[in-house]
Every structure is written in structure tokens, then in C-alpha cells.
Amino acid sequence: MTHRIKLDSKTARLKLPVRKKSYTARIAPGIRLAYRRNEGAGTWSVLGGGGQWLKKIGVADDLEPADSVNVLDYWQASERARDLARAKDDDSGKPITVNEALDAYAADLRARGGDPYNADRVVAHLPKALLSKTVAVLNARELRRWRDELLSKGLARSTVGRTCKMARAAFTAAADQDKRITNRDAWRIGLAVLSDAERTREDVILSDATVHRIVAAARPEGPEFALLVEVAAVTGARPSQLRRLQVGDVQADRSDPRLMMPTSAKGRRKVIARRPVPIPASLALRLRQLGAGRPAHAPLLLKVNGEAWGRSDHLRPFQRTVARVGLDTNVTLYSLRHSSITRMLVRGTPTRVCAAIHDTSVTQLERTYSKVIADHSDAVARQALLDLEQPAVTNVRSLA
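Residues numbered from 1 in each chain as written. Predicted model: local features only at pLDDT ≥ 70, side-chain atom pairs only at ≥ 80, totals over all residues. Heavy atoms only, no water.

Focus on the overall build of the protein
At step 1: From N to C terminus, the protein includes 17 helices and 8 strands.
At step 2: Counting across all 400 residues of the protein, residues that qualify as buried make up 42%.
At step 3: Across the protein, contacts joining residues at least 24 apart in sequence account for 54% of those joining residues at least 6 apart. (Helix = DSSP H or I, 4+ residues; strand = E, 2+ residues; numbered from the N terminus. Buried < 20%, exposed > 50% of the residue type's maximum accessible area, 1.4 Å probe, protein only. Contact = heavy atoms within 4.5 Å.)

Here's what the structure looks like:
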């Protein structure tokens, strides 16, 4: 395992003892080619970053001729190892680490108008040992161990599910940018979706009467906050969408007033679009008055100081509002969204329409609100149920 070992000779390699530990040879500053002697054909790997990471690159030509694709001789393996360890196009040569991948993902979220907190949440829960690893060497076992440790610490399954989802998105984005990262199965398998992780808790589905009470209880926090809560309750929009609303999004001069609600920046969406969401005429009138005299691109909903709402600005006022109503602290502004979706589904709104208004997909609705949909489907199907104990009703008349 010293630099004197000749790895460039197939004959010399086959004389080496079989062992798990690789033999290495320096092929460039900070880069070593690693050869593992097996009972059968050996394998080539690259040891880069001054020994910080190891990546398998192919099978050695011990038993069959090299084809420069899967079976490599020493020189082909060396060239591939240098290409893998060094970046092309002026890259530093070091594969991206988990921490760097999450930083890049956060930057991409900001560029798309998304919430970088999604990436910060992952960083907060990841141990330092994993943060410093390169994405290219992650394996399913260690990621599964981390996911299960979060559960054992008492985190809710939904929280663990969201955290893993963000991690998968960051790692996939890194792999999309760097073709050297070929281990996508590591996070696909290791961070697999937990059962019931995206299930909406029944305690956050609020009745219409409770929603009315919450809107009323928000008024002591000021008219600005009360209006934010009212728009959230009526539209079922996410807090991030409410923050992006602009003065020009209010369409009050119509027989069917509506808001052109900005979409979220979830997933890989690059452009924020706007979709119509119906609102009552009374609310449309107040929103139009609120934006009077301001530019169309100015933020619509403002705090008492005239500034736009920040990501966490609503948390404490809403906690106080919930306390006035006497509700559990698990009720958040997002509960108004869950309640809006449930209300539409129960009252017969087509799932496709409900999904479009709430900026989500039919698949996501069916996954998250399956119990509500099942209950509603039962009520609809019962209307067409055949009851053999009841006399049949027919409009058919016999001909004379």
C-alpha cells in the first residue's frame, strides 16, 4: 500500500494479496488512484480531496480487456480519476459537500422567491459528520440512520417527512448540476417517504364557526393583522403566497371579484405565476381601498409600520389570537389552509378545481386529504345507492 506498488501493470496487480483495504498510487496533487484486490477482477476508485472522499469508478482489466467504459486499465482509470476529482470548466476540483449543497439549494430558493428556511431546517438537524461529507459518497444506510434518529428524538413524523423531503430536493439539485454524483439511490432509498408523514392532523381542520371566531379574535392585534388572517381564511393560501400579493392582484371591478394569487416556489418551479382565486365582493372592496394610490407592484398586505410581512412576523400575533379563542397551540395560520381545502372537498368542489385554487396537485390532495375525500365520496355515492327494500320508481309505460 505504498507508492512503490506498481498498479500500472496487470501482472504486478494480480500478485498482490487479496484484501479489503485498497492499494493506492498518487496520480496528481491531492489525488490518488485506489485499487482493491479481489478474488475476481479488482476495482478502481479515486481518493480525492486529500483523502476526504472515495468514489468507485470502474472495474480493473485484470480478467478481461479494457473497454474504456466499464473495464479500465491503469491509464484509463487514472484519467477518469483526475476528471472526477477535478472540476472541468474552472471548478475547484472538490465535489460538493452536503453543507454546500444545502447552501446552493437555499440560494436557489431565494432566487425563485422561495423560503430558504426549508434548507436551513435540514442544516439544523444534520450532524456535523454528515454536513462535511460530499454528496457523491452518501449512502442509503447512513441517511436512513439519520432519519430514524430524528424520529427517536421525538420529532413529529410530519416534521421528519418535510425535513427529509428538503434534503432529497437539495441532493437531487446537486446531482443535476454535477454528473459525477451518481448515487441518487442513496437519498431515494435512505430518505424514503414515511407512512402518514404528510397526513393532515384532524386537530387543525377547523369548523366554519371556529374560523369565524379566529378572524374576530385577530382584530385586537390591529386591522392589518386581522386582514391578513381574513385573506388566509377566505383563500386558503400559504403564508408565503400572502406575502407576495401585490396591489395589482386585486380584481374588484368584476361581477365575480377575485385575487390573482401568486403561486408558491415549491418544487423546481422557476417562475412565479398568478392564478385566479374567488373572494367575496366585500373583501375585494376593502382590498382595493387598501391599495388605492399605490403602485400595482407594491405589496398589498402591510404591517402597521407600512412594511411588508416577513416570514415569521405573523407567528406571535396568531399565537395570541388562538389563545383568545381557547384553541390548542397546534393551530397555526396554515390550519386555515387545511380547513379551506377540507371545506371545498366536503361541499362537493371537484378535486381538480380545489387543487388549482390552492396551488397544489390532485395527487397531493389525495395523499394528504384522503380521509376527507373518502368520507365525501361515500356521501356522494350513497345518493345513487340501490336499495332493494324500497319500491322501484319507473317512468316506463306499457304500450297498449
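Having put the structure on the table, let's press on.
Observations concerning unusual backbone geometry
At step 1: We note that aspartate 359 has phi near 55°; this positive angle belongs to a residue other than glycine.
At step 2: Secondary-structure assignment places aspartate 359 in the loop between helix 15 (351-357) and helix 16 (362-368).
At step 3: Residue aspartate 359 is classed as buried on the basis of its relative accessible area of 6%.

Considerations on the packing of helix 6 (residues 140-152) against helix 7 (residues 157-177)
At step 1: One way to put it is that helix 6 packs onto helix 7 with a least axis distance of 9 Å and a crossing angle of 155°. Looking at the two axes, helix 6 sits roughly antiparallel to helix 7. Helix 7 is crossed by helix 6, and the crossing has right-handed handedness. In contact with Leu143, Trp146, Arg147, Leu150 and Leu151 of helix 6, helix 7 contributes Arg157, Val160, Thr163, Cys164, Ala167 and Phe171.
At step 2: Residue composition of the contact of helix 6 with helix 7, grouped by class: 8 nonpolar, 1 polar and 2 charged. (Axes fitted to C-alpha atoms, helices over the stretch in contact; angles between N-to-C directions. Parallel < 35°, antiparallel > 145°, perpendicular 65-115°, else oblique. Left-handed = near helix turned anticlockwise from the far one by under 90°. Nonpolar A, V, L, I, M, F, W, Y, C, P; charged D, E, K, R; others polar.)

Brief notes about the pairing of strand 7 (residues 258-262)
At step 1: Within strand 7, 4 of the 5 residues are buried, which leaves it mostly tucked inside the rest of the structure.
At step 2: As paired strands, strand 6 (residues 250-251) and strand 7 are joined by 2 bridges and run antiparallel to one another. Counterpart to glutamine 251 in the pairing with strand 7 is arginine 258.
At step 3: Where strand 6 hands over to strand 7, the hairpin turn is made up of 6 residues, counted between the paired strands.
At step 4: By the bridge criterion, 5 bridges tie strand 7 to strand 8 (residues 274-278) in an arrangement that is antiparallel. Bridging from a neighbouring strand, methionine 261 pairs with arginine 275 of strand 8. (Pairing = 2+ DSSP bridges.)

What to know about the nonpolar core
At step 1: Grouped together as the largest cluster of nonpolar side chains are 36 residues, with contacts concentrated most on Leu287, Leu301 and Leu336.
At step 2: Among the secondary structure elements, those contributing two or more residues to this core are helix 9 (208-217), helix 10 (223-235), strand 7, helix 12 (281-290), helix 13 (315-325) and helix 14 (333-346).
At step 3: Apart from the residues within four sequence positions on either side, leucine 336 is in contact with Leu206, Val211, Ile214, Val229, Ala232, Ala233, Gly236 and Phe318. (Core = buried A, V, L, I, M, F, W, Y, C linked by side-chain atoms within 4.5 Å.)

Some points on the environment of tryptophan 53
At step 1: On the secondary structure map, tryptophan 53 appears in strand 4 (residues 53-60).
At step 2: Using a relative accessible area of 3% as the deciding quantity, one classes tryptophan 53 as buried.
At step 3: Placed 32 residues apart in sequence, tryptophan 53 and alanine 85 show a C-alpha to C-alpha distance of 9.5 Å.
At step 4: Apart from residues no more than four positions distant in its own chain, tryptophan 53 is found in contact with Val46, Leu47, Gly48, Leu84, Ala85, Pro95, Thr134 and Val137.

Concerning the pattern of salt bridges
At step 1: All chains considered together, the criterion is met by 19 salt bridges.
At step 2: A salt bridge links arginine 275 to aspartate 359; the nearest nitrogen and oxygen atoms lie 3.3 Å apart. Of this pair, arginine 275 sits in strand 8 while aspartate 359 sits in the loop between helix 15 and helix 16, and the two are 84 residues apart along the sequence.
At step 3: A residue is classified by how much of its surface remains accessible, and arginine 275, at 34% relative accessible area, is partly exposed.
At step 4: Among the charged side chains, a salt-bridge network with shared partners connects Arg13, Asp61 and Asp62. (Salt bridge = Lys/Arg side-chain N within 4 Å of Asp/Glu carboxyl O.)

Focus: the environment of proline 278
At step 1: Looking at where proline 278 falls in the secondary structure, it is placed in strand 8.
At step 2: Sequence-wise, proline 278 and valine 234 are 44 residues apart; in three dimensions their C-alpha atoms are separated by 8.8 Å.
At step 3: Apart from residues no more than four positions distant in its own chain, proline 278 is found in contact with Pro257, Arg258 and Ile357.

Quick word on helix 9
At step 1: Of all the residues in helix 9, the buried ones are Thr210, Val211, Ile214, Val215 and Ala217. Within helix 9, the buried residues cover an arc of 165° as seen down the axis, which keeps them to one side.
At step 2: Where the residues of helix 9 are buried, they touch helix 10, helix 13 and helix 14. (Arc of directions from axis to C-beta.)

A few points about the sheet that holds strand 2 (residues 31-36)
At step 1: One open sheet holds the 5 strands; their spatial order is 1-2-3-4-5, and the pairing between them is mixed. In this open sheet, the two strands that pair with only one neighbour each are strand 1 (23-28) and strand 5 (71-72).
At step 2: Sheet contacts for helix 2 (residues 74-85): strand 1, strand 2, strand 3 (43-48), strand 4 and strand 5; angle to strand 4, the most-contacted strand, approximately 150°.

As for the sheet that holds strand 6
Paired through their backbone hydrogen bonds, the strands of a sheet run either parallel or antiparallel.
At step 1: Judged by pairing direction, the sheet is antiparallel, and its 3 strands sit side by side in the order 6-7-8 without closing on themselves. Only two strands of the sheet have a single partner each, and these edge strands are strand 6 and strand 8.

A few points about the packing of aromatic side chains
At step 1: The full count for this structure, using the stated rule, is 5 aromatic pairs.
At step 2: Between the aromatic rings of tyrosine 35 and tryptophan 44, the centroid separation amounts to 5.2 Å while the plane-to-plane angle is 55°, which identifies the pairing as tilted. Taken as a pair, tyrosine 35 and tryptophan 44 share a single burial class, namely buried.
At step 3: Both rings, one in tyrosine 74 and one in tryptophan 75, keep their centres 4.8 Å apart while their planes meet at 90°; by these two values the pair is edge-to-face.
At step 4: An aromatic cluster of at least three residues, connected via ring pairs, comprises Tyr35, Trp44, Tyr74 and Trp75.
At step 5: It is arginine 13 that lies over the ring of tyrosine 35; its NZ or CZ is 5.4 Å from the centre.
At step 6: If you follow arginine 19 out to its NZ or CZ, it ends over the ring of tyrosine 23, 3.8 Å from the centre. (Phe/Tyr/Trp six-rings, centres within 6.5 Å; stacked < 30°, edge-to-face > 60°. Lys NZ or Arg CZ within 6 Å of the ring centre and 35° of its normal.)

Remember, this is a structural readout, not a statement about activity or role.
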